[in-house]
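Secondary and tertiary structure notes
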Amino acid sequence: MHEELDLSPVAREHASRPLNEGPPPRFNAYGRVTGPCGDTMEIWLLVQDGIVERASFTTTGCGPSRACGSMATSLASGKDVREAAQIGQQEILKALGGLPAEVEHCALLAANTLKAALDAYGKGRTDRAAHRMHKAGQSCETCPDETCSAKKRKSDESDADFADRRKLEQRLCRIKHKILVLSGKGGVGKSTVAVNLAVALMMDGWSVGLLDADIHGPSIPTMLGLEGERVEGEPGELLPVDLGGLKVMSLGFFLRHRDDAVIWRGPMKMGALKQFLKDVAWGDLDYLIVDSPPGTGDEPLSVCQLLGSVDGAVVVTTPQKVAAVDVRKSVSFCRQLKVPVLGVVENMSGFVCPHCGKHTPVLKSGGGRGIAEDMGVPFLGAIPMDPQVAEAGDDGYAFVHRYAKSPTAGAMRDIVEQLFLELQEE
Ligand code: ADP
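Just so it is clear, the model here is predicted, and its values are computed rather than measured. (Residues numbered from 1 in each chain as written. Predicted model: local features only at pLDDT ≥ 70, side-chain atom pairs only at ≥ 80, totals over all residues. Heavy atoms only, no water.)

1. Description of the sheet that holds strand β2 (residues 40-48)
Read from one edge to the other, the open sheet built from three strands follows the order β1-β2-β3, with strand pairing classed as antiparallel. On the outer flanks of this sheet lie β1 (29-34) and β3 (51-59), each paired with one strand and no other. The sheet shows a mean angle of 15° between the axes of neighbouring strands, direction not considered. In this structure, β1 lies alongside β2, joined through six bridges in antiparallel fashion. Bridge assignment links Gly 31 to a residue of β2, and that residue is Ile 43. Packed on one face of the sheet, helix α2 (residues 63-76) meets β2 and β3 and runs near 170° to β3. (Pairing = 2+ DSSP bridges. Helix = DSSP H or I, 4+ residues; strand = E, 2+ residues; numbered from the N terminus. Axes fitted to C-alpha atoms, helices over the stretch in contact; angles between N-to-C directions. Contact = heavy atoms within 4.5 Å.)

The structure is reproduced here in structure tokens:
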């Protein structure tokens with residue numbers, strides 16, 4: 001039909017060769033609108049750090065509808081969500097060099113669909129904020145959830161144990177998502193992944209807590225430049241270090257010196273972990289990322305049991321085939337504890353040259369993906385070995401923030417996006 005219409009050269013180009021057409025592989029906001037003309041348009045957005053990174057569309061309409069979807073998504077791409085929300089029918093028409101009056105409604109359909117997608121994105125946030133307020137304004141006594149385990153004492157529980165469990169559950173109840181970061185052994189980059197995951201979520205506007213529960217090697221204070229920080233609070237109420245959007249708690253804050261070793265025996269260790277988890281006053285959080293002790297022994301087991309229900313675990317590994325054994329152990333560990341495996345991250349996957357940026361597969365890569373497929377769990381992505389990651393960790397700043405534009409930071413953010421998809425699918 002548009003062949004007969006007198007379209008401007010720009011509109012004709014977008015109608016015949018539309019940009020951003022088709023559903024994307026990844027998105028975190030979606031809108032679908034059917035206009036009075038009967039055409040249906042769909043728009044998908046990938047929003048990161050408050051910026052519309054990618055926008056794409058489909059339409060059941062013909063040329064002018066395609067031109068408007070193409071232009072609306074092109075105008076939105078790269079814009080801050082608030083600026084993107086200003087794109088209306090007139091902006092789309094203007095950018096297309098106008099449209100014949102009888103098809104101007106196509107620009108309104110595109111503007112409304114874009115708005116629906118942006119609203120869906122905003123609503124995700126608002127729902128979470130409302131959830132937080134609901135939880136925040138509520139005490140266990142006024143909470144209507146009669147099935148909540150914090151309300152009932154178990155038959156084999158002493159008064160003191162019940163009081164402890166209740167306190168812990170009340171604190172954790174105000175946290176929307178709890179994610180464990182696990183690894184079959186130390187040194188694979190578990191803490192690095194936990195830190196960068198937490199910071200990437202914070203950069204995306206979520207309120208995040210990062211708990212360093214690695215009782216023997218708490219490294220997060222060093223990785224975030226927080227050595228020497230003191231934890232404040234009343235007895236029984238530890239306030240995490242608040243970095244604005246990111247709250248951090250580590251056993252390392254209780255060591256007088258970075259080289260002090262934590263030598264606790266079995267029951268003491270469990271008691272310390274329990275007290276630590278129970279007493280941290282996180283307040284309301286969207287995400288709590290827990291850097292678990294490595295391995296599949298008593299310590300990660302205690303962390304899992306104390307945290308109770310979690311959204312799932314991210315298992316960090318390295319590319320070599322031998323590392324697959326550790327992933328297997330971690331996945332079986334999660335399955336035994338009924339902790340969903342959100343996915344496997346392959347860290348130190350190839351080497352990024354600091355001079356030319358070239359990626360070389362030093363260790364044979366693909367082990368993480370292979371074992372994830374083998375075990376029937378998602379593969380979240382790979383992070384290369386990048387000297388700047390190690391340097392950032394040593395110097396006390398989060399790599400994903402400091403080198404936000406680097407390909408390695410991009411790989412980290414892709415993992416976060418993949419994680420969002422896994423969480424949505426639960
Ligand atoms: P884990 O928590 O598994 O013991 P860490 O996160 O402490 O491991 O990482 C071990 C060392 O490897 C640290 O010095 C860290 O900076 C470095 N490291 C981790 N991931 C990478 C990476 N992708 N590139 C370069 N160095 C890394």
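2. A look at the confidence of the model for the chain
Averaged over all residues, the pLDDT of the chain is 85; the fraction at 70 or higher stands at 88%. A low-confidence stretch, residues 126-137 (pLDDT under 50), is modelled with twelve contacts involving residues beyond four sequence positions or located in other chains. (pLDDT = per-residue confidence, 0-100.)

3. Describing helix α13 (residues 387-395)
Within α13, the full set of buried residues consists of Val 389, Ala 392 and Gly 393. Down the axis of α13, the buried side of the element spans an arc of 100°, and every buried residue falls inside it. The N-terminus of α13 is capped by Asp 386, whose side-chain oxygen sits 2.9 Å from the backbone nitrogen of Gln 388. A positive backbone phi angle near 85° is found at Gly 396, which sits one or two residues after α13. (Buried < 20%, exposed > 50% of the residue type's maximum accessible area, 1.4 Å probe, protein only. Arc of directions from axis to C-beta. Polar contact = N/O pair within 3.5 Å; in protein donor to acceptor, adjacent residues only side chain to side chain.)

4. A closer look at the pattern of salt bridges
Summed over all chains, the structure comprises 14 salt bridges. The partner of Glu 169 in a salt bridge is Arg 165, and the shortest N-O contact between them spans 3.0 Å. Within this pair, Glu 169 and its partner Arg 165 are both found in helix α6 (residues 159-172), separated by four residues, close to a single helical turn. Between Asp 374 and Arg 328 there is a salt bridge, and its shortest N-O distance comes to 3.1 Å. In this pair, Asp 374 is assigned in helix α12 (residues 367-375) and Arg 328 in helix α11 (residues 323-337), connecting sequence segments 46 residues apart. The exposure class of Asp 374 is exposed, given its relative accessible area of 55%. Several salt bridges share partner residues, and in doing so they unite Asp 164, Lys 167, Lys 278 and Asp 279 into one network. (Salt bridge = Lys/Arg side-chain N within 4 Å of Asp/Glu carboxyl O.)

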